[in-house]
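So the chains spell out like this:
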Amino acid sequence: MTDHAHPPTPTPPNGADRTLPRTVRDTLPLALDVAVEVAKLNGVCIRPIEVRRLDTHTGHSQPFDLPCGTTNEATCPPCAQRNKQLRKAQCREGWHLEAEPVAEPHPATDDQKWLIEFRADVQAKRDHAERDGDDTADWDEAIAGIDAEINAAGMRGTVTGGRTTPRRSRSTRRRQDAPDLPRRSRQNTTLGRTFVTPDGKVFRPSLFVTLTLPSYGKIRPGQGVPVYPSGYDYAAAARDALHFSKLVDRFVQNLRRVAGYDVQYFATVEPQKRFAPHLHMAIRGTLPRAEIKAIAAATYHQVWWPQVDEVKFEGEHLPVWTERAKQAEPYVDGQVGDYLDPATGELLPTWDEALDRLDADDEAEPLHVVRFGAQVDVQGVLAGSPDAHRRIGYLTKYLTKSLGETLDLDPDEDNREEEAGPARAAINRARRDHAARLVEVLRYEPCSPACANWLRYGVQPKGAKPGLVPGRCKGKAHKAEHLGYAGRRVLVSRKWSNKTLRDHKQDRRAWVLDALGLPGDDTVTDPHRYLWRPVSPKDSTRTPLPVRLLRGVANRHRTRARLDELRARADGRPTPALSATTALREAA
């Protein structure tokens with residue numbers, strides 16, 4: 001067998017050589033771009049926020065780089081992937097719990113009880129002064145101070161609690177076109193049922209549910225574009241997307257009523273190929289599939305807003321802002337002016353006035369009714385099974401992307417020959433046109449009570465202010481990257497794992513510190529000793545971004561080298577002696 005010598009690796013040209021031809025220099029990568037790529041490979045934030053920590057005891061100031069914390073991979077891939085892993089851990093930890101994750105409140109201390117009694121005495125004196133017609137400003141200030149002391153003493157919430165303003169509500173009678181739901185007696189638990197096999201093995205299954213919105217027109221299979229764009233109901237699609245989060249809330253309420261226990265869930269909202277939002281939900285416990293589908297069919301949300309069928313102002317004919325008369329006390333609705341019709345001088349009804357008219361009309365119909373579609377998928381999942389791991393990955397698959405980033409077909413999912421090359425490009429163009437039509441409809445659709453688009457239909461937005469123009473609302477739902485859905489992408493019930501995302505971050509930090517053999521020192525974050533201040537971009541002493549990236553990469557190399565050393569010792573292998581350069585090549 002003949003040995004073939006490998007050809008020598010060509011020596012790259014010196015990037016600092018100014019005599020190189022332009023065609024050669026343009027092919028050399030920029031050092032800063034390489035530094036950014038290396039930071040991404042090592043999981044270092046590429047948009048770190050520089051802060052300084054001042055030790056009030058010694059006067060020493062030390063710089064730190066905090067991760068930007070974005071969840072969008074297009075902005076910072078390391079931070080987005082880190083957040084995705086945290087969500088995976090959060091989902092995994094709470095899905096198949098066998099014990100209640102609820103922490104009981106600690107009993108009240110004597111000092112806390114005394115504060116509440118003192119608060120009651122001051123409230124009584126304030127009420128007495130109000131009955132006598134005296135000024136209560138001093139009493140209100142004292143009460144605000146006591147409320148702050150109550151929270152500082154380790155109590156959460158407020159003594160009075162509840163709403164300070166009455167809540168507007170309409171009849172809660174179910175619609176005649178919605179089926180009734182059964183109700184079970186409520187049990188004070190968050191755990192589902194268990195099933196025991198004849199040999200004594202106990203199973204506690206859970207559910208993975210997918211809910212979608214109804215059809216708005218025939219869609220080309222695998223492409224997500226309407227067959228007949230002119231017949232596609234873009235108005236209904238836009239309104240369903242705007243109010244999808246409310247529909248999910250109603251589904252959870254109905255689910256808990258039927259299940260008979262405090263159902264806990266971890267859910268994510270993602271776009272379908274047709275750009276309509278749909279829900280993936282991991283549910284702790286199990287219910288019959290028929291009941292889940294019946295609950296979805298019976299769930300709806302009514303949007304009791306003024307009608308928007310008639311366009312009253314558009315183009316150059318728009319409402320004009322006028323100031324109100326000044327007075328000592330602010331107006332009840334918080335506005336300092338009103339919009340009026342420039343042709344007649346008539347004031348447009350305020351938001352509260354428009355809702356009052358709606359409440360007074362017994363024949364009024366809701367602006368829109370949101371319902372789920374007929375496609376409801378329900379799958380049973382067992383703890384620790386490969387399917388459970390696969391479902392968790394599916395739940396968090398698109399969390400690093402915005403809803404509008406998936407306009408083009410996913411090349412990993414669509415590898416059919418008929419959709420390659422020019423055919424795929426044509427499909428992607430059709431998808432972008434489809435998204436553009438949806439965004440254009442969303443442009444003039446009211447997204448909230450404070451949306452500027454209400455002026456187009458002759459109603460002042462809630463809390464109106466000067467400068468509002470229909471079609472230029474800055475709300476999240478109107479942006480192309482959100483496609484009408486302005487709610488949260490991840491929905492987690494309070495008793496899912498009894499941990500917040502910050503708690504999961506602390507768990508990861510504690511694991512790393514324990515693996516490295518480092519003690520967790522709470523004094524380094526003592527708010528009474530240290531002051532944290534962000535460094536302004538205009539600060540002349542601000543550390544340049546490339547230096548901060550290199551600093552982050554070096555810190556990550558030291559941490560990884562230490563972890564590799566500990567793993568080698570645990571496995572009985574010789575400990576690696578990695579230099580910084582070798583560690584860099586290993587990481588790359």
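What this report covers is the structure whose coordinates are included nearby.

So, on to unusual backbone geometry. Trans peptide bonds make up the majority, and among non-glycine residues the majority have a negative phi. Positive phi outside glycine occurs at L483, with the angle close to 55°. Position of L483 among the secondary structure elements: in the loop between α11 (422–443) and β13 (490–492). A residue is classified by how much of its surface remains accessible, and L483, at 3% relative accessible area, is buried. Even without being a glycine, N498 presents a positive backbone phi close to 60°. By the element assignment, N498 lies in the loop between β13 and α12 (501–516). Here N498 falls in the partly exposed class, since its relative accessible area comes to 38%.

Sheet topology places strand β1 (residues 49–55) next to strand β2 (residues 61–66); six bridges connect them, and they run antiparallel. Residue pairing across strands places L54 opposite S61, the latter belonging to β2. Connecting β1 to the antiparallel partner β2 that follows it, the hairpin turn spans five residues, and G59 within it adopts a positive phi of roughly 80°.

Axis separation between helix α3 (residues 77–95) and helix α10 (residues 386–395) bottoms out at 10 Å; the angle between their running directions is 140°. As judged from the angle between their axes, α3 and α10 are oblique. Crossing angle aside, the handedness with which α3 passes α10 is right-handed. For the pair α3 and α10, contact is made by K88, C91, R92 and W95 and by A388, R391, I392, G393 and L395, respectively. Considering only residue class, the contact of α3 with α10 consists of five nonpolar, one polar and three charged.

Glancing now at the environment of P77. Mapped onto the elements, P77 comes out in helix α3. Spatially, the C-alpha atoms of P77 and L41 are 9.5 Å apart, while their sequence positions differ by 36 residues. Setting aside chain neighbours within four positions, we find P77 in contact with K40 and I46.

A few words on the pattern of salt bridges. Within this structure, the stated rule accounts for 22 salt bridges. R126 is the partner of D140 in a salt bridge, and the nearest nitrogen-oxygen pair spans 2.8 Å. Remark: R126 occurs in helix α4 (residues 110–131) and D140 occurs in helix α5 (residues 137–152); sequence separation between them is 14 residues. Residue class for R126 comes out buried when judged on its relative accessible area of 16%. Where R186 meets D262, a salt bridge forms, and the shortest distance between an N and an O atom there is 3.9 Å. With R186 in the loop between α5 and β3 (195–196) and D262 in the loop between α7 (244–259) and β6 (265–271), this residue pair connects regions lying 76 residues apart in the sequence. For D262, a relative accessible area of 11% corresponds to the buried category. Overlapping salt bridges bring together R126, D127, E130 and D140 as one network.

Looking now at the sheet that holds β6. The strand order across the open sheet built from five strands is β12-β5-β7-β6-β13, with neighbouring strands paired in antiparallel fashion. Only two strands of the sheet have a single partner each, and these edge strands are β12 (376–381) and β13. The mean angle between the axes of side-by-side strands here comes to 15°, regardless of whether they run parallel or antiparallel. For β6 and β13, the ladder comprises three bridges, and the chain directions are antiparallel. Its bridge partner lying in β13, T268 is registered against V490.

Further remarks concern the side chain of T299. When you line up the elements, T299 lands in the loop between α8 (289–298) and β8 (300–303). Polar side-chain contacts of T299 include one of 2.6 Å to the backbone oxygen of I295. Discounting residues that sit within four places of it in the chain, T299 has contacts with L247, R250, F251, N254, V370, R371 and F372.

Okay, the sheet that holds strand β14 (residues 530–534) next. In space, the three strands of this open sheet follow the order β2-β1-β14, with antiparallel pairing throughout. In the strand order of this sheet, the two ends are held by β2 and β14, each with one partner. In this sheet, adjacent strand axes meet at a mean angle of 30° when their direction is disregarded. Summarising the sheet, β1 and β14 pair through five bridges and their orientation is antiparallel. The residue bridging V51 from the neighbouring strand is P534, located in β14.

A grouping of D132, D134, D135, D138 and E141 is seen on the molecular surface, where their side chains present a negatively charged patch. Tracing the chain through its elements places D138 in helix α5. Using a relative accessible area of 63% as the deciding quantity, one classes D138 as exposed.

How each quantity is defined
- Residues numbered from 1 in each chain as written.
- Predicted model: local features only at pLDDT ≥ 70, side-chain atom pairs only at ≥ 80, totals over all residues.
- Heavy atoms only, no water.
- Helix = DSSP H or I, 4+ residues; strand = E, 2+ residues; numbered from the N terminus.
- Buried < 20%, exposed > 50% of the residue type's maximum accessible area, 1.4 Å probe, protein only.
- Pairing = 2+ DSSP bridges.
- Axes fitted to C-alpha atoms, helices over the stretch in contact; angles between N-to-C directions.
- Parallel < 35°, antiparallel > 145°, perpendicular 65-115°, else oblique.
- Left-handed = near helix turned anticlockwise from the far one by under 90°.
- Contact = heavy atoms within 4.5 Å.
- Nonpolar A, V, L, I, M, F, W, Y, C, P; charged D, E, K, R; others polar.
- Salt bridge = Lys/Arg side-chain N within 4 Å of Asp/Glu carboxyl O.
- Polar contact = N/O pair within 3.5 Å; in protein donor to acceptor, adjacent residues only side chain to side chain.
- Patch = residues over 30% accessible without salt bridge, like charges linked within 9 Å, V, L, I, M, F, W, Y side chains within 5 Å.
- Areas by Shrake-Rupley, 256 points an atom, 1.4 Å probe, with all protein chains shown as cover.
- Lys, Arg positive; Asp, Glu negative; His and termini not counted.
- Charge placed at Lys NZ, Arg CZ, Asp CG, Glu CD.

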